[in-house]
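Take a look at the letters that make up each chain.
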Amino acid sequence: MNEPATDFVPLEALGAEMPDAGRRRFLSLAAGSLALGGLTGCTRQPTETIMPYVDPPENVIPGRPKYYATAVPVNGAAEGVIVESDLGRPTKVEGNPNHPGSLGATSVTSQASLMDLYDPDRAQGFSRLGVPASWDALLIVLDSAMDRARNHGGAGLRILTETVYSPAAGDRIRAVLAAAPGAQWHQYEPAGAHSARAAAMQAFGRPLHTYYNFDAADVVLSLDADFLACGQASTRYAHDFAARRRRGGRLDMNRLYVVESSMSATGGKADHRLPVRYSGVEDIAREVLSQLGTATGGNRFASAVAADLSAHRGASIVIPGESQSPAVHAAAHALNAALGNSGHTVIYTEPIEFEPVDQIASLRLLAADMDAGKVDTLVILGGNPVYNSPADIPFAQLLGKTPFSIHVGSHANETGVRTTWHVAESHCLETWGDTRAYDGTIAVQQPLIQPLYDSRSHLEILDAMARTPGRSAHDIVRDYWQTRSKAADFESWWRVTLNSGIVANSTSLPVNVTPASLAAPVAVAPGAGIEIVFRPDVYSYDGRHSNNLWLQELPKPMTKLTWDNAVHMSAATAKKIGVESQDVVELHAGPGAVEGSVWISQGHPDDSVTVHLGYGRRQSGRAGDGAGFNVYPLRRTDSWWTVQGTEIRKTGRTYPLATTQMVQHPHERDDLAIQAKLEEYRRDPDFAQHKARAPEAGDTLYSRWNYTGYAWGMSIDLTACVNCNACVVACQAENNIAVVGKEQVLARRAMHWIRIDAYYNEDEQNPSVVYQPLPCMHCEDAPCEVVCPTQATNHSSDGLNDMIYNRCVGTRYCSNNCPYKVRRFNFLLFSDWYTESLQLQRNPDVTVRSRGVMEKCTYCVQRIREAEIRSEDEDRFIRDGEIRTACQQACPTEAIVFGDINNRSNKVAQLKAEKLNYALLGDLNTRPRTTYLAELRNPNPALEGQAS
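Cut-offs applied
- The residue numbering used here restarts from 1 in each chain and proceeds along that chain's sequence as written.
- Under the rules for a predicted model, residues below a pLDDT of 70 receive no local features and side-chain atom pairs below 80 are neither given nor counted, while totals for whole chains, interfaces and linings still include all residues.
- To obtain the side-chain values, all non-hydrogen atoms of the structure were used and water was disregarded.
- Any carboxyl oxygen of Asp or Glu within 4 Å of a side-chain nitrogen of Lys or Arg constitutes a salt bridge here.
- The numbering of helices and of strands both runs from the N terminus, where a helix is a DSSP run of H or I of at least 4 residues and a strand a run of E of at least 2.
- Relative accessible area decides the class of each residue, using a 1.4 Å probe on protein chains only: under 20% of the type maximum gives buried, over 50% gives exposed, and in between gives partly exposed.
- Strand pairing follows a simple DSSP-based rule, namely that at least 2 bridges must link the two strands.
- Throughout, disulfides are identified as pairs of cysteine sulfur atoms within 2.5 Å of each other.
- Axes, fitted as lines to C-alpha atoms, cover a helix only where it is in contact. Angles between the N-to-C directions of the axes lie from 0 to 180 degrees.
- In this analysis, two residues are considered to be in contact whenever any of their non-hydrogen atoms come within 4.5 Å of each other.
- The predictor rates its confidence in each residue with pLDDT, a number between 0 and 100.
- Buried residues of nine kinds, namely Ala, Val, Leu, Ile, Met, Phe, Trp, Tyr and Cys, make up a nonpolar core once their side-chain atoms join them within 4.5 Å.
- Pairing of aromatic rings covers Phe, Tyr and the six-membered ring of Trp, with a centre-to-centre limit of 6.5 Å; geometry is then stacked below 30 degrees between planes, edge-to-face above 60, and tilted otherwise.
- To sit over a ring, a charge needs its Lys NZ or Arg CZ within 6 Å of the ring centre and within 35 degrees of the ring normal.

### Some thoughts on the pattern of salt bridges
Pairing of side chains with opposite charge becomes possible as their charged atoms draw close.
Point 1. Summed over the entire model, instances satisfying the criterion amount to 57 salt bridges.
Point 2. Glu679 is the salt-bridge partner of Arg682, the closest N and O atoms lying 2.6 Å from each other. In this pair, Arg682 and Glu679 are both assigned in helix 20 (residues 678-683), three residues apart and thus about one turn of the helix distant.
Point 3. On the basis of relative accessibility, which here comes to 42%, the residue Arg682 falls in the partly exposed class.
Point 4. Judged by its relative accessible area of 43%, Glu679 falls in the partly exposed class.
Point 5. In this structure, the salt-bridge partner of Asp757 is Arg755, at a minimum N-O distance of 3.0 Å. For the residue pair Asp757 and Arg755, the accessibility class agrees, reading buried in each case.

Rendered as structure tokens:
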């Protein structure tokens, strides 16, 4: 048995290098390594203990996972998922094809929910003033608090939650308020769709929820909405948008216009994009509205968009960004009403959450009562108001005026360490619950594992406050639905609901509404200066996922930055200030000031900077603490999404930012991510072959393979890819890919087996962007295979480029010889072998690599071999679509298709036979098994030459 590795790199020190050694020291170490190579191999493995499986659990067969339907909250609302359970532990999240929020796909958030579950920095019990306590002690305290509240009519009791989407939780809160009528319920979260609901007040006089049918929309106008890559319904919206884009064999494409104040994944996908300052989005929206039905106007972009929308009445969408002003939302609602989109592509329903309120006003009211000493008991269910409340509401100070407070959260965060009590919150995969999707569809959440720690759900806390302690979360949810399902046979209804993952016929009913009037213009603060625009981070969101290792290392869609946020600005703005990328600047907005590192972003509007929420944490955990800078001190209740007239000062310092794509310009190489206009495709269907560089004919040193059975291959549709990065996280979860840390990313040692390259054209002000997912190409003539001295990389009988880990000695010749740069070498022992919770997350079907071996995409070979075994047992061929790689299964736009290219009836073979199909770097004659379908755009001829 090998001794434990003594040079394991802990999470907090990822990236630490060994000190440099002199030539003599190097030679002595090398000699020793050669002498011991035959005995111990290249890496000393951690100690492994073999334990007998004497008493296996009932109904569990090792190697045969089970799957359960449940739901994961994505920015609050539900995304239906199917979770794989191996021996009682969830190891992989897939989309639930029955659920409207996912349709079988997933977002990065739902994929990474496993890392939140197994986060070793989660809170693990109860504490009172930092001292460990118990559930029984908390019940006594809660009982006393409720007695006190009831005796005073509930006047001193306050409940603070984030937006509540759970019917059962809403019912329990109402039960608490009924027991203490004077108590008050407040809701607050710093980002989310609730702001859009509040903005609807300006158009309709009451809060409404809006969702969209992109599969029925011929023309889409986005007003600062990144609906393809982030938001509660982005997974479904991306699916529907791509499905409409493919209609008619891509000859009847939709058209996307984007007006935005910062470069987004949706903006990069636009047929026409107009970068404007945040304060200018409303002007464009109003001008489009004023020009509907006319052919004249001062703004060429607005005129063309208005004409295109008018030509597609009832089949168009105007979607405002959640972070845009109420006036922009009102203009969007007015546009949709004037175009006849309501009830067709735009659906209005009653709010899907409980107690719809202006959350900023609600937080102000709570803060005023706390400051006046009117609150003696505050129960905070989730959230982190000490960290993310606006600068003019000093929540940390107000907590000091509250005699008794409880925080229920997954981590002892900035709020949890300041309350009287902190209660560890159960993860959604550990407890029962229910929640709603973007369209109101209800899903019952069922656990896949017993709580890892001594934790409780919000339902159990509320039930205890309602004087029914002792009921489990299962009983609370089941009892709630037993009284409301109205099913004659509840047991059958319950089983069907759990099996399908959704409550049948629970989608919110549409309502017919008409906007009352267009809002008055928003007053913009006078004075010169640069505006600051606040955005939720596309992965960390408002900071709730800041300790998620997978999300921290996941490259941002447009910049490919990891582990930090940045001060994004245009090149012209940076030149005006006199700074370059990675220079530290100080942002001044009113009394607040923060420092951040600059990143010059192509396509960003001038005289504006964008900063992202969710960073600069101090009570997050090993991954999140200290990452980036906190912008909440710049935010105020009267300047929620933007601050005008900001002063930016140079500090003279620099701060390194880690990116995984150093070059984002193809530099006239139009044969990499091939792109063309729809009209060009109609004129010349073979344009992709003309642009791609054909291989030269001649002799070859490679053997020609003869595939008598399966021949696996992949096709990736660049028109469908929206750069959401769900495939990257799915691959990481499926294949046990380690996180390396910021220092190693800076050293160009990122480990992801698939990446999405974003290529900008040379237009600095308003570029066109092409997205290109890049896994291993599995070349027929693989340059990596011929240079490996140990034959660690081989060609399989079905066309895969295999890796044999125990042969690899780390020469890295294969990586040097790979023109696609898709091989990853684990220089250090990145995999955490000792943290117990992280061990539970790993897929048992895939080897956990130690250091010193080459890693790469395998087309999820474990799934291929499983399907082969199953088909052989059943004496049949593998069916088309039976094998779905992790990246393919997660992709919401179905851009990735995998299968047997030997069978011409298979979808992947049909895609490879299309005119749009081409091989990346085909002139090198590597004959890759992964090929691409060139991207098509559908620009408006009236705007040719102006906006991309």
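### Here we look at the sheet that holds strand 37 (residues 930-933)
Point 1. Judged by pairing direction, the sheet is mixed, and its four strands sit side by side in the order 35-28-37-36 without closing on themselves. Two strands lie at the open edges of the sheet, namely strand 35 (896-900) and strand 36 (917-918), each paired on one side alone.
Point 2. Summarising the sheet, strand 28 (residues 712-717) and strand 37 pair through four bridges and their orientation is parallel. Pairing of Asp717 across the sheet is with Leu933, part of strand 37.

### Topic: the state of the cysteines
Point 1. Tallying each qualifying case throughout the model produces zero disulfides.
Point 2. For the unlinked cysteine Cys724, the closest cysteine sulfur is that of Cys891, found at 6.1 Å.

### Quick notes on the sheet that holds strand 12 (residues 316-320)
Point 1. One open sheet holds the four strands; their spatial order is 11-10-9-12, and the pairing between them is parallel. At either end of the open sheet lies a strand with only one pairing partner, and these are strand 11 (272-275) and strand 12. Recorded for the sheet is a direction-independent mean angle of 10° between the axes of neighbouring strands.
Point 2. Strand direction decides the pairing type here: strand 9 (residues 219-223) and strand 10 (residues 255-260), joined by five bridges, are parallel. When the sheet's bridge partners are listed, Val219 is paired in strand 10 with Arg255.
Point 3. Strands in contact with helix 10 (residues 300-310) are strand 9, strand 10, strand 11 and strand 12; relative to strand 10, the strand with the most contacts, it is inclined by about 140°.
Point 4. Against the sheet, helix 11 (residues 326-338) makes contact with strand 9 and strand 12, and its axis sits at roughly 170° relative to strand 12, the strand it touches most.

### Observations regarding the environment of Asp463
Point 1. If you trace the backbone, Asp463 turns up in helix 15 (residues 458-465).
Point 2. Asp463 sits 287 residues away from Val176 along the chain, and the two C-alpha atoms are 8.1 Å apart.

### Quick word on the confidence of the model for the protein chain
Point 1. Per-residue confidence for the protein chain gives a mean pLDDT of 87; residues scoring 70 or more make up 89%.
Point 2. Confidence drops under a pLDDT of 50 for residues 1-43, and excluding neighbours within four residues, the segment shows 50 contacts in the predicted structure.
Point 3. A low-confidence stretch, residues 521-527 (pLDDT under 50), is modelled with eight contacts involving residues beyond four sequence positions or located in other chains.

### A look at the nonpolar core
Point 1. By size, the foremost hydrophobic cluster in this structure holds 144 residues, and its most contacted members are Phe214, Phe227, Phe687 and Trp712.
Point 2. If one sorts the elements of this core by residue count, helix 22 (residues 726-734) sits on top with seven residues.
Point 3. The residues contacting Trp712, other than those within four sequence positions of it, are Asp798, Leu800, Tyr859, Ile864, Glu868, Ile878, Ile883, Phe898, Gly899, Asp900 and Arg929.
Point 4. If you look at the next biggest cluster of nonpolar residues, it comprises 45 residues, including Val164, Ile173, Leu381 and Ile442.

### What about the packing of aromatic side chains?
Point 1. Inspection of the entire model under this criterion finds 23 aromatic pairs.
Point 2. Put simply, the rings of Tyr211, Tyr212, Phe214, Phe227, Tyr237, Phe241 and Tyr438 touch in pairs and so form one group of aromatic residues.
Point 3. Positioned over the ring face of Trp641 is Arg635, at 4.5 Å from the centre of the ring.
Point 4. One cation-aromatic arrangement involves Arg749 over Phe827; the distance from NZ or CZ to the ring centre is 3.7 Å.

### Re helix 17 (residues 490-500)
Point 1. When helix 17 is considered as a whole, its buried residues turn out to be Phe490, Trp493, Trp494, Thr497, Leu498 and Ser500.
Point 2. Packed against the buried residues of helix 17 are strand 1 (66-74), strand 18 (442-445) and helix 16 (473-484).
Point 3. Where helix 17 terminates, the next one or two residues include Gly501, which has phi positive at roughly 90°.

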